[in-house]
Amino acid sequence: MSLPLNQHPHQHPHDGLDRQAPIERQARIERQTGIDRQTRLEGAVAASTGLLLATQLPTGAWTNPRPAAVSGTAGAALALHLAGTGADRALAEGGCAWLLRVRNPDGGWGTLEGFPSDVVATCMAAAALTLVPRPDPGDAAAREAVAGALAWLGAAGGVEAVADRTVRQLCSLVLALAGLGDAGGVSRVPVELVLLPAALRRKVLSYLSPPFVALALLQSRFGAPGPLARGALAAVRPAAVRLLGAVQYQEGDVGSYGGDPWLTGLVVTALASTGSVASPGSVALPGSGTSSGSGAEPDDARLVAAGLDYLRATVQPDGSWCMIHGMETARVEVTGPAFAAAALGTAGFADDPRLVRTRTWLADCQQTAPFPLYDCPPGGWTWSGPKGWPNVLDSLAVLEVLLQGDRDAPALRRGLDWLLARQDRRGSWSTFVRNTLVPLDGPCPYITAKALLVLHEAGVPASDPRLVRGLRWLLRRQDRDGGFRALWHRGVVPATVAVLRLLAALGRSRSPVARRALDRLRAAQLPDGSWSTGDRGEPGTVDETARAVLALAACGDGAGAERGADWLLEHQRPDGSWEPGRTCVYIRDHVHYSDFLMAQGLALSALAAVSALPAPSDLSGASEVSEPVAGAGTGDAR
């Protein structure tokens, strides 16, 4: 029953069990029709908890199966080919061979193998296959694949059809680097923003500092538009490179940016392709007429060397790189295991020694040093162990687990103090930087609702001014249709559910805001009983359905919760696991991914909650509670 500890990240750990034919699944459902729901719930909970406990590592953590990523593999291949040694170019060729194997039939590539084609992954793959030479027949296959990718992009409207300016800049510059496009029409990346005072720079760049600098450097290769812009770039470049060095150092000085091979490869490619880095085997780029090995600058060379080391250390056995590998050679991940541990606690294992061990491990992952780049004190968590970008979203996942143990534990008290210190002036919570102006890091209803719930469950009274301020901000972000929106998850379900669970915990599940949110959630349920991310024609996902079931159960809608639970029961695999949905956001509207352990934790929590529901007749006495916040429920999610 245990997961292989060295499972290839792109390969599902239960291959052979997870691809049931519809007839087999229907036969299993029909065999269970004579079994009452409670018995089925208890059996499903037992199967899920058994799987999670059997696959727990001795440290108390879990290995989260991480599929290989197209952009990560293409980004790493580009960097290794442009800046690395001959041996590195062999790794780049291996990455390109993997890219050819996972190309979609429509000619494009998706974020992960089997995902629908998207612009970012397709542009990255096309650039890598163009620049990294391979002996025939591989080179001929690469040329054919690039032609197919360009045809797919054309049918999708081209890069010009991308609404997001930063994504459009990224795709255009990557294609231009490979000679597949023209960078002349790309809007200028204002690199001089890195010269702003640190407090203001944090607000306008936030966690986007590494890709922002990388895009500015890539653009400089094609000549900045106008003499003033070229002069600004020349003056600012040393400061931009120093900022990259600060990011790398604060992450643990392991060569990574964001624990992500794609972002690391993008930075290394930008540094190595702008004529300033000497490397053992640097190569000329299409149309450059020069090698990238002239005029080396020590800071640039050091960052490139460290980035290459990171990419060498994180390549997978099949030649690919995965999304969000983390800081260590052996992947260490916090968030997925936290979801699994929280679910096991909900299912009755909170005092089990194995969960005590998990809480100890999570406490050891707490950051003990400040993170100046975000003006962030010690006390928070990131997704990749004790090193990396501290953020509220991942810290909340850990705090939910720690709250199941000793309420006086030092790590918990430090974490709660850290969480309160990260509240925005407006009352909300953002992800990385307080009071940021970056939309993707801005105040988030999902994160704010989760933060308020954690603080409430930790004993902070609802009358506390910080909670009052946060709740006032949150309830004014309800969409006109009754829902709420999350920054880092797709669709209306995650944030709407988070708000409903908060209001239920505060005794406000019958308030006007809650009623509208509950109506919106019910309206989103599909005919088969599931919930999806909301894209037209997209089937229900385990993640969204489990979240919705948790909210309905918390609000006393036993019948609605049971209908969603029935769908989860039907879709549980024989080994006790569920297929994760494409619900997590990496680049909004462009790059999405799935998380195996997150899906397991959500589904287990949902079934445990339904199993604990009282009989329907016991739910009729819920009292009406008025909503005290004036003006709540108007306006949209921003």
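Everything here concerns the structure above.
Residues numbered from 1 in each chain as written. Predicted model: local features only at pLDDT ≥ 70, side-chain atom pairs only at ≥ 80, totals over all residues. Heavy atoms only, no water.

Q: Explain the overall build of the protein chain to me, using residue names and the numbers behind them.
A: A tally of helices and strands in the protein chain yields 23 helices and 2 strands. Split into buried and exposed, the 638 residues of the protein chain put 59% on the buried side. Partitioning the intrachain contacts of the protein chain with sequence separation of at least 6 by distance along the chain shows that 71% fall at a separation of at least 24. About 23600 Å² of surface is accessible on the protein chain, with carbon and sulfur atoms providing 55% of the total. (Helix = DSSP H or I, 4+ residues; strand = E, 2+ residues; numbered from the N terminus. Buried < 20%, exposed > 50% of the residue type's maximum accessible area, 1.4 Å probe, protein only. Contact = heavy atoms within 4.5 Å. Areas by Shrake-Rupley, 256 points an atom, 1.4 Å probe, with all protein chains shown as cover.)

Q: Explain empty space enclosed by the protein to me, and be specific about the residues and the numbers.
A: By the definition in use, this model includes 4 cavities of 30 Å³ or more. In this structure, the largest cavity occupies an estimated 70 Å³ of space. Of all the elements in the fold, those that place two or more residues in the lining of the largest cavity are α3 (70-83) and β1 (584-587). Looking at side-chain class alone, the lining of the largest cavity contains 8 nonpolar, 3 polar and 1 charged residues. (1 Å grid on protein atoms, 1.4 Å probe; cavity = no way out; pocket = protein on both sides within 12 Å on 5 of 7 lines; lining within 4 Å. Points joined across faces, edges and corners; volume = space filled by probe spheres on them. Nonpolar A, V, L, I, M, F, W, Y, C, P; charged D, E, K, R; others polar.)

Q: Got a sec to walk through the pattern of salt bridges? Specific residues and values, please.
A: Summed over all chains, the structure comprises 20 salt bridges. Between Asp300 and Arg237 there is a salt bridge, with its nearest N and O atoms 2.5 Å apart. Highlighted residues: Asp300 in helix α12 (residues 298-314) and Arg237 in helix α10 (residues 227-250), separated in sequence by 63 residues. Under the relative-accessibility criterion, Asp300 is labelled buried at 0%. We note a salt bridge from Glu579 to Arg573, for which the minimum N-O separation is 2.6 Å. For Glu579, a relative accessible area of 41% corresponds to the partly exposed category. You can call Arg573 buried: its relative accessible area is 3%. In the salt-bridge network here, residues are joined through shared partners; they are Arg37, Glu562 and Asp566. (Salt bridge = Lys/Arg side-chain N within 4 Å of Asp/Glu carboxyl O.)

Q: Tell me about the environment of Leu193, and please be specific about residues and values.
A: By the element assignment, Leu193 lies in the loop between α7 (165-177) and α8 (198-205). Of the residues examined, Leu193 reaches a relative accessible area of 25% and is grouped as partly exposed. Sequence spacing of Leu193 and Ser209 is 16 residues, and the spatial spacing of their C-alpha atoms is 9.8 Å. Dropping the residues within four chain positions of it, Leu193 is found in contact with Arg201, Leu205 and Phe212.

Q: Kindly report on the packing of aromatic side chains, identifying the contributing residues and their values.
A: Under the defined criterion, the tally for this structure stands at 11 aromatic pairs. Between Trp383 and Phe432, the aromatic rings sit 6.5 Å apart at their centres with planes inclined by 85°, giving edge-to-face as the arrangement. With Trp383 in the loop between α14 (353-364) and α15 (392-402) and Phe432 in the loop between α16 (410-421) and α17 (445-457), this pair connects stretches of sequence that are 49 residues apart. Both residues of the pair, Trp383 and Phe432, belong to the buried class. For the pair Trp389 and Phe432, a centre-to-centre distance of 6.0 Å together with 80° between the ring planes defines the contact as edge-to-face. Taken together, the residues Trp389 in the loop between α14 and α15 and Phe432 in the loop between α16 and α17 connect sequence positions 43 residues apart. Of the two residues, Trp389 and Phe432, both sit in the buried class. Within the aromatic cluster, the residues linked to one another by ring pairs are Tyr207, Phe371, Tyr374, Trp383, Trp389, Phe432 and Trp488. Arg582 extends its terminal NZ or CZ atom over the ring of Phe115, reaching a point 5.6 Å from the ring centre. (Phe/Tyr/Trp six-rings, centres within 6.5 Å; stacked < 30°, edge-to-face > 60°. Lys NZ or Arg CZ within 6 Å of the ring centre and 35° of its normal.)

Q: Could you give an account of the packing of α7 against helix α9 (residues 209-221), naming the residues involved and the relevant values?
A: The interhelical angle for the contact between α7 and α9, taken along N-to-C directions, is 40°, at an axis separation of 10 Å. Between α7 and α9, the interaxial angle falls into the category oblique. Like other packed secondary-structure pairs, α7 and α9 cross with a definite hand, here left-handed. Between α7 and α9, the contacting residues are Thr166, Gln169, Leu170, Leu173 and Leu177 on the first element and Leu215, Leu218, Gln219 and Arg221 on the second. Of the residues belonging to the contact of α7 with α9, the class tally is 5 nonpolar, 3 polar and 1 charged. (Axes fitted to C-alpha atoms, helices over the stretch in contact; angles between N-to-C directions. Parallel < 35°, antiparallel > 145°, perpendicular 65-115°, else oblique. Left-handed = near helix turned anticlockwise from the far one by under 90°.)

Q: Go over the packing of α17 against helix α19 (residues 493-505) with me, naming the residues and quoting the values.
A: Where α17 meets α19, the closest approach of the two axes is 8 Å, and the angle between their N-to-C directions is 25°. Classified by the angle between their axes, α17 and α19 sit roughly parallel to one another. Here α17 and α19 pass one another in a crossing that is left-handed. Judged by residue contacts, Tyr446, Ala449, Lys450, Leu452, Leu453 and His456 of α17 engage Pro494, Ala495, Ala498, Val499, Arg501, Leu502 and Ala505 from α19.

Q: Got a sec to walk through helix α2 (residues 37-54)? Specific residues and values, please.
A: In this model, α2 (18 residues) spans 25 Å end to end at C-alpha, consistent with the 26 Å of a helix rising 1.5 Å per residue. Along α2, the residues classified as buried are Arg40, Leu41, Ala44, Val45, Ser48, Thr49, Leu51, Leu52 and Leu53. Of the surrounding secondary structure, the elements contacted by the buried residues of α2 are α13 (335-349), α14, α22 (558-571) and α23 (596-611). The residue sitting at the N-terminus of α2 and contributing the capping side-chain oxygen is Asp36; that oxygen lies 3.1 Å from the backbone nitrogen of Gln38. (Expected span 1.5 Å × (residues − 1). Polar contact = N/O pair within 3.5 Å; in protein donor to acceptor, adjacent residues only side chain to side chain.)

Q: Quick rundown of helix α18 (residues 465-475)? Include the residues and the values.
A: Residues Leu467, Gly470, Leu471, Trp473, Leu474 and Leu475 constitute the buried set of α18. A side-chain oxygen of the first residue of α18 lies 2.8 Å from the backbone nitrogen of Arg466; this N-cap is Asp464.

Q: Could you give an account of the pairing of β1, naming the residues involved and the relevant values?
A: Two strands pair when backbone bridges link them, and β1 and strand β2 (residues 591-593) are joined in this way by 3 bridges, in the antiparallel orientation. Considered in β2, the bridge of Cys584 is made with Tyr593. Linking two consecutive strands that pair antiparallel, namely β1 and β2, is a turn of 3 residues; a positive phi of about 70° is found at Asp589 within it. (Pairing = 2+ DSSP bridges.)

Q: Please provide a residue-by-residue account of the side chain of Thr49, values included.
A: Note on placement: Thr49 falls in helix α2. By relative accessible area, which is 6% here, Thr49 ends up buried. Residue contacts for Thr49: discarding those within four places in its chain leaves Leu344, Ala347, Phe349 and Leu604.

Q: Just give me the short version of the environment of Leu51, but keep the residues and values in it.
A: With respect to the secondary-structure elements, Leu51 resides in helix α2. Looking at Leu51, the relative accessible area reads 4%, which means it is buried. Residues Leu51 and Ser577 lie 526 residues apart in sequence; the distance between their C-alpha atoms is 7.4 Å.

Q: Can you explain the side chain of Ser430? Please cite residues and give values.
A: Along the chain, Ser430 turns up in the loop between α16 and α17. Within polar-contact distance, the side chain of Ser430 engages the side chain of Asp424 at 2.8 Å. Within the structure, the side chain of Ser430 is placed 3.4 Å from the backbone oxygen of Asp441, a separation counted as a polar contact. Beyond its immediate sequence surroundings of up to four residues, Ser430 is in contact with Val392, Asp424, Thr436, Asp441, Gly442, Pro443 and Ile447.

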